[in-house]
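Descriptive analysis of the structure
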Amino acid sequence: MSKSLPYSMKDVHYDNAKFRQRSVSQVISQALLTSSGKRDYLKCSTGKFLLLLLIGGLAYLVLANKGAVHPVSDGIANNDGSKEGESLMTHGSGKFRRFWRKPPRLPPQLSPDEIISRNRSIQESMKREEPEWVARQQKVKDAFIHAWSGYKEYAMGYDELMPLSHRGVDGLGGLGATVIDALDTAMIMGADEVVYEAGSWIEKHLPERIEGKGQVNLFETTIRVLGGLLSAYHLSGGDQERVPEHKGPKPSIYLENAKNLADRLLTAFTSSPSDIPYSDVVLRDKSAHPAPDGLSSTAEVATVQLEFNYLSYLTGDAKYSVEAMKVLQHIKTLPKVEGLVPIYISPQTGDFNGDNIRLGSRGDSYYEYLIKVWLQQKGTNFSYLYDMYVEAIKGVRHLLVRKSVPNGLLFVGELPYGREGGFSPKMDHLVCFLPGTLALGATKGLTKEKAMRENLLTFEDMENLKLAEDLAKTCVEIYSVTSTGLAPEIAYFNIEGNSEGGPDGGNKSSKYLHDIIIKPADRHNLLRPETVESLFVLYRITGDSKYREWGWQIFEAFEKYTKIDSGGYTSLDDVTIIPPRRRDKMETFFLGETLKYLYLLFSNSTTIPLDQYVFNTEAHPIPIISRSQ
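Criteria and thresholds
Residues numbered from 1 in each chain as written. Predicted model: local features only at pLDDT ≥ 70, side-chain atom pairs only at ≥ 80, totals over all residues. Heavy atoms only, no water. Helix = DSSP H or I, 4+ residues; strand = E, 2+ residues; numbered from the N terminus. Expected span 1.5 Å × (residues − 1). Buried < 20%, exposed > 50% of the residue type's maximum accessible area, 1.4 Å probe, protein only. UniProt positions renumbered as here; feature names shortened; annotations may be inferred. Contact = heavy atoms within 4.5 Å. Polar contact = N/O pair within 3.5 Å; in protein donor to acceptor, adjacent residues only side chain to side chain. Pairing = 2+ DSSP bridges. Axes fitted to C-alpha atoms, helices over the stretch in contact; angles between N-to-C directions.

Before going further, it helps to spend a moment on helix α10 (residues 251-265). Along an α-helix, residues three or four positions apart point the same way, because every turn accommodates 3.6 residues. The end-to-end C-alpha distance of α10, which contains 15 residues, comes to 22 Å, matching closely the 21 Å that a straight helix rising 1.5 Å per residue would cover. With 11 of 15 residues buried, α10 lies mostly within the body of the structure. Regarding α10, the residues found buried are Pro 251, Ile 253, Tyr 254, Leu 255, Asn 257, Ala 258, Asn 260, Leu 261, Ala 262, Arg 264 and Leu 265.

Now the structure itself:
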């Protein structure tokens, strides 16, 4: 591991002798020291002979045992298709090297008694907390109803609500994005009236919108509208051929609209001269064209695969999946920087453009979909996606993870000019998706306890899970450091030898007041979901109630500073002052993501379980295909 990485295995140090192999000298010395009759043995030649025999026998047993221990990498294919363990044994010095190689420590495991004790503790804790969290969950549902009531009253059918102006605005192509983004949230919450109102609007108005509207963005339309329709189809029982559990139209209405929309969006792929789609589609003409600068965002072209794969599964028509997966298959062949990629890519040439590497805007969900598409298609021939994900996370740890001063918060920075350029200690709020993605990649949706019990976690998994927990804390501190308790869009960090300097977040009691800098242009809050998304995933995986408590603090801040009495919630201009200046915009993702993740954070693990669903980047749950067949 690189010396420049301010994060090492020392942070995940397991010091339990039960899971550590001992050396030959340790075994022999312990045998000698614990032998109550050692002095008597040494007094006679027979005793000396027996002692030597004992030592020889112990040495043989230990060495034989060492030869039987397989290294962690055994069974992992090398480039030539052989296995590492086999290649060692085929060389003349193989046995000799195995003799001297220090066997790896096994991942920590819980004893049966510890497992029973911990399960009992968790169950008792859940019983005590249940009424409190049910009440808090209801508060989130009430907030959702309040947000929907403002939208329904002043902006029904528009993409977004302007809650202060009491009007709607179409900023996403005019397909009624809030209606569709909110629908599956309402289904999950059991808000039947909202389900009926949203579903009825889709049945009556969406077909003509799809047929008649003009330019839309491929990425935004796919994740919000196509993803929302497919999730609603599943949650209403459509793909399981059962009677809908929710009010509203027949499930087939959602699938028909999804297919009609996707057929038009496909032109972004088929019109491009490369495997990289154009960024924009004209729906009524079934035509597509690149953005004004001719480039597409890497994150955008690589964040449509979950939706198109699922549509192919539902319709039996492979064309959707084939076109979407060409993107990732192509990116696989391109040169990368330790698995990391620039944030722009050209549909004309198929090559990356520029050197800017970051996990914020235009880069974020590329990394998210590598692991999620692999999970969705687990058991198929998409294993290369997992390899790309593993390589990318190693690159993140090596090149982008740093610690702040003076208090050592771990954060993820940027390389605006590539690896050879300078490091920027800038972290978008969007990067706070990463803790949840790291946790999901480590346990594959299982709880940490179950994954450990079944010995499924490697040391790398454990290290990534620890990094996820540390980064989640950083994301929460970005909220706590401000006067309002709400995060800015962008934060900077002071680092050793490169103090940014600049204004703080306003909360003078925060321990991290001098670690985090919030520049005037970055102080706005758009009601974003990334932090609460990661808190939800980490709570489901670790069971640690601190993630619920942190989520509740964030929800209370939203309630206090962004709620509009007449209906809806508003984004803010400045989170560092009280009262904060308000922006007059309720983004669709506040209903589709932020409130959904908060609701699920306070629910039990049987509601949309992580080992059966993947959430698209707009929080629309999509069933894992290989397990739903």
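Our next topic: the UniProt feature "binding site: Ca(2+)" (unreviewed entry) in the protein. Here, UniProt's "binding site: Ca(2+)" (unreviewed entry) annotation points to Thr 617. Of note, Thr 617 is situated in the loop between β14 (613-615) and β15 (621-623). Residue classification places Thr 617 among the buried positions, given a relative accessible area of 18%. Residues within four places of Thr 617 in sequence aside, it is in contact with Phe 219, Ile 223, Thr 303, Ser 365, Glu 368, Tyr 369 and Glu 593. Looking at Thr 617, its side chain comes within polar contact range of the side chain of Glu 368, at 2.8 Å.

Moving on, we get to the environment of Ala 491. Along the chain, the position of Ala 491 falls in strand β12 (residues 490-493). As a C-alpha pair, Ala 491 and Asp 522 span 31 residues in sequence and 7.3 Å in three-dimensional space.

Taken together, 3 strands build an open sheet; the order of strands is β11-β12-β13 and the sheet is antiparallel. Two strands lie at the open edges of the sheet, namely β11 (426-428) and β13 (516-517), each paired on one side alone. In this structure, β11 lies alongside β12, joined through 3 bridges in antiparallel fashion. Among the inter-strand pairings, Asp 428 is bridged to a residue of β12, identified as Ile 490. Lying over the sheet, helix α19 (residues 459-480) contacts β11, β12 and β13, oriented at roughly 110° with respect to β12.

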